[in-house]
Amino acid sequence: MFKRGNAAPTSTKQVTTQSLGQLMLRRYIFTAVMILFLLIGLTAFGWNWYDNNKVVQVSIINPITDVAEVYQVRKKDILADQITTIDGIQIRLSSEERIMIAK
């Protein structure tokens, strides 16, 4: 049925030392670039988190009485028409009120 004997050799690719070295170098470079991108991404994420959680003082100035009220707020909690203080108080701002943000 099946003939056993001298079968035709399959094509085997011999890896030379030079090509093996190039493959390893490419792998190391690829790994280094991926680690670098990961570190850059983690650094950007960490800096964004750190900056958004800074506590700043927000002064809301009433245009009629020119009285300023000062609140401590995290930067991430300052929106266009509302702020949320550290204590959890939500303050809605009118279009006439001025706000000043200080460190």
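Calculation notes
Residues numbered from 1 in each chain as written. Predicted model: local features only at pLDDT ≥ 70, side-chain atom pairs only at ≥ 80, totals over all residues. Heavy atoms only, no water. Pairing = 2+ DSSP bridges. Helix = DSSP H or I, 4+ residues; strand = E, 2+ residues; numbered from the N terminus. Axes fitted to C-alpha atoms, helices over the stretch in contact; angles between N-to-C directions. Polar contact = N/O pair within 3.5 Å; in protein donor to acceptor, adjacent residues only side chain to side chain. Contact = heavy atoms within 4.5 Å.

Undergrad: Got a minute to help me understand the sheet that holds strand β4 (residues 90-92) in this structure?
TA: By way of backbone hydrogen bonds, the strands of a sheet pair with one another, either parallel or antiparallel. With antiparallel pairing, five strands are arranged side by side in an open sheet as β4-β3-β2-β1-β5. Of all strands in the sheet, those bounded by a partner on one side alone are β4 and β5 (98-102). The sheet shows a mean angle of 45° between the axes of neighbouring strands, taken without regard to direction. Both strand β3 (residues 82-85) and β4 contribute to a ladder of three bridges, which runs antiparallel.

Undergrad: Where do I start with the side chain of Q82 in this structure?
TA: Along the chain, the position of Q82 falls in strand β3. In terms of polar contacts, Q82 uses its side chain to reach the side chain of Q90, at 3.3 Å. Not counting residues up to four positions away in its chain, the partners in contact with Q82 are D77, Q90, I91, R92 and L93.

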